[in-house]
Structure formats: C-alpha cells, structure tokens
Amino acid sequence: MRPRKSSKVSSGPDRARGPLQPYCGLVRLTIIGCSGSFPGPDSPASSYLLEAEGFRMLIDLGNGALGVMQRHVGLFDIDAICLSHLHADHCLDLTSYWVARRYAPEGPQPPIPVYAPERAAERMALAYGLEPDPGMTDTFTFTTLTPGTRRIGPFLITTRRMNHPVETYGFRVEHGGRIVAYSADTGPCEALVDLSRRADLLLCEASFLDGPGLPGNLHLTGRQAGEHAERAGVRHLVLTHLVPWNDKECSFAEASGTFTGPISLAVPGQEFELTPSGPLPM
Ligand SMILES: [Zn+2]
Ligand SMILES: [Zn+2]
C-alpha cells in the first residue's frame, strides 16, 4: 500500500494516467471529497473513487464532489455509483451528474448503475425538480441496497446498516485479496467492527471532537474511530468526514490514543494503491 498525496492541480482529468490495466489486481482509492456534513474551503463533501481492472466506481457523491472528481477521472468514465445514504453531503451531486450525462453535447450517455437506499430514485428526482416518473431513470439504473454481499464490476461488496438517523450503509470492498472498508456516517456500532474486520484500510468518519453530551446514534469521535479500527484489526486507519469547524489535528490525536497502527487524515486528491496480496487471476 502506498499512500501518497496527489500533486495534480489542473482542472482537467489526468488522461495520461488512464485506467488501471486489466488483471493487474491493484485497487486504487482516491479521496475526492472528505469534508464532513457540508463542503469546506479545501474539500467537497464525501466522495471516494475506487478503481480496479479498469472499472471505476464512486462511493458517495456529496455536494461539490462532481467538480473535483473531474481532476481524477473523465466526466463520463464512471461505471457505477454507490450512495451510502441520502443526506445531501453524500448524494446531492448525483443531480448534477444526471445533467452532465443527460445533456452531454455528444448525446445522452449510456445509463450506469446506482446502488442506494430505498426511494433514492424518487428523492434524487425531487431534489432536482423532476417528476419522479421517469425522473433520472433514463440515465441511472437504480438498485436498492440491502444488507448483504454483491458483486459490482470486479469488486465483492458487503454492506451493513450503520448507526445513523436515516437508512445508511457502510461498505466492505474486496478485490485481489485486499480489503477497503468505509464507515459512511455512523455512531458507535458492532456492525462497523464486523464490516472492517482485518481491512487493509478503513475510511472511518470522525465528525465529532470528544466531549460531554455527544449524541450516541449519529457520528463518531476520533477516539471512537480508533477504538473500532483497533477492535477490527485494521491495518491502516484513514480519518474522514472531517467537519470544517473542527481542528483535524485533535481528531488525529484522539485516534492515536486508541489505535496502534498507522493513521492518516483524509485529504482531497490523496491516493492509496493496494497491491494484490495473493496470486493474480489468470
Ligand atoms: Zn455526512
Ligand atoms: Zn449523514
């Protein structure tokens, strides 16, 4: 695994980098946006790009993310989208992406799958001001998420319900013997420990700073993120969903007190490359 911060600053996609070659087994994670609850001055809200075998999948597309996404991947080169939940900071730029794909100068782009909680098609249509039928179904093929395991492109993906006021899914993404887990938004829960068990990398939210009177079913502190990661035996903890009005270094310090492995603070443009752990597929 090679964490590195991208030095790219251009507004166009890095076409020279191109998709990952087929069967190389590598998983690449790019942080598109990691600002918690609303966009900050230095980051869009939540969005993460996962690539393997030339397949490109977004998990979450929060407000502001579609713009920054184009620094890392061509506007129409996304193969699938997963939405953890329907809070605006995780899903709202799907409405902008519908406009881009639907009204592209070269013609409407082919539909791509969107995996999301119940009623996502209707909610997204209403957010844009469309009638729910047909809404965005000319551009996105919506599949309702449920707890369980499914294959999306080359990835084996397990979803579990998290501890958040609305229907919210955490993700475990496996490929090439490597595991990336994502907490989405959650308060403390055993499901997050199960989902991230022995993950190579856990993207874990750390929205709150430690203190008295925090609600129990909403978000995690850095300390709690570290506790969950430690219990799950995670190799590398990446703190994300960092709320602009908090001091990130406090979140890092809290997690350092409970997690014994390496910790990173998510940064937009940051890439993690996970090389395959086992034999390559033939
Ligand atoms: Zn959120
Ligand atoms: Zn939320």
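Structure first, text after, so check above.
Residues numbered from 1 in each chain as written. Chains lettered and ligands numbered in written order. Predicted model: local features only at pLDDT ≥ 70, side-chain atom pairs only at ≥ 80, totals over all residues.

Caption draft 1: Representation of the sheet that holds strand β9 (residues 155–161) in the model. Spatially, the 7 strands line up as an open sheet ordered β8-β9-β10-β11-β12-β13-β14, and their pairing is mixed. The two strands at the open ends of the sheet, each matched to only one other strand, are β8 (148–152) and β14 (263–265). Adjacent strand axes in the sheet meet at a mean angle of 20° when their direction is disregarded. Note: strand β11 (residues 178–182) against strand β12 (residues 201–205), 3 bridges, orientation parallel. Residue V180 lies in a different strand from β12, and its bridge partner there is L201. The sheet strands contacting helix α7 (residues 248–256) are β13 (237–240) and β14, and the helix crosses β14 at an angle near 165°. (Pairing = 2+ DSSP bridges. Helix = DSSP H or I, 4+ residues; strand = E, 2+ residues; numbered from the N terminus. Axes fitted to C-alpha atoms, helices over the stretch in contact; angles between N-to-C directions. Contact = placed C-beta atoms within 7 Å.)

Caption draft 2: Broad picture of the packing of helix α6 (residues 222–232) against α7. It is at 7 Å that the axes of α6 and α7 come closest, and there the two elements cross at 35°. As α6 runs across α7, the sense of the crossing is right-handed. Only S251, F252, E254 and A255 of α7 make contact with α6, whose side of the interface consists of G222, R223, A225 and G226. Class assignment for the residues of the contact of α6 with α7 results in 3 nonpolar, 3 polar and 2 charged. (Left-handed = near helix turned anticlockwise from the far one by under 90°. Nonpolar A, V, L, I, M, F, W, Y, C, P; charged D, E, K, R; others polar.)

Caption draft 3: Examining the environment of G170 more closely. Relative to the elements of secondary structure, G170 occurs in strand β10 (residues 169–175). Each C-alpha atom of the pair G170 and F208 lies 18 Å from the other, and the pair is 38 residues apart in sequence. Not counting residues within four places of it along the chain, the set of residues in contact with G170 comprises T159, R160, M162, Y182, S183, A184, T186, A191, L192 and L195.

Bear in mind that shape data such as this cannot, by itself, settle questions of function.
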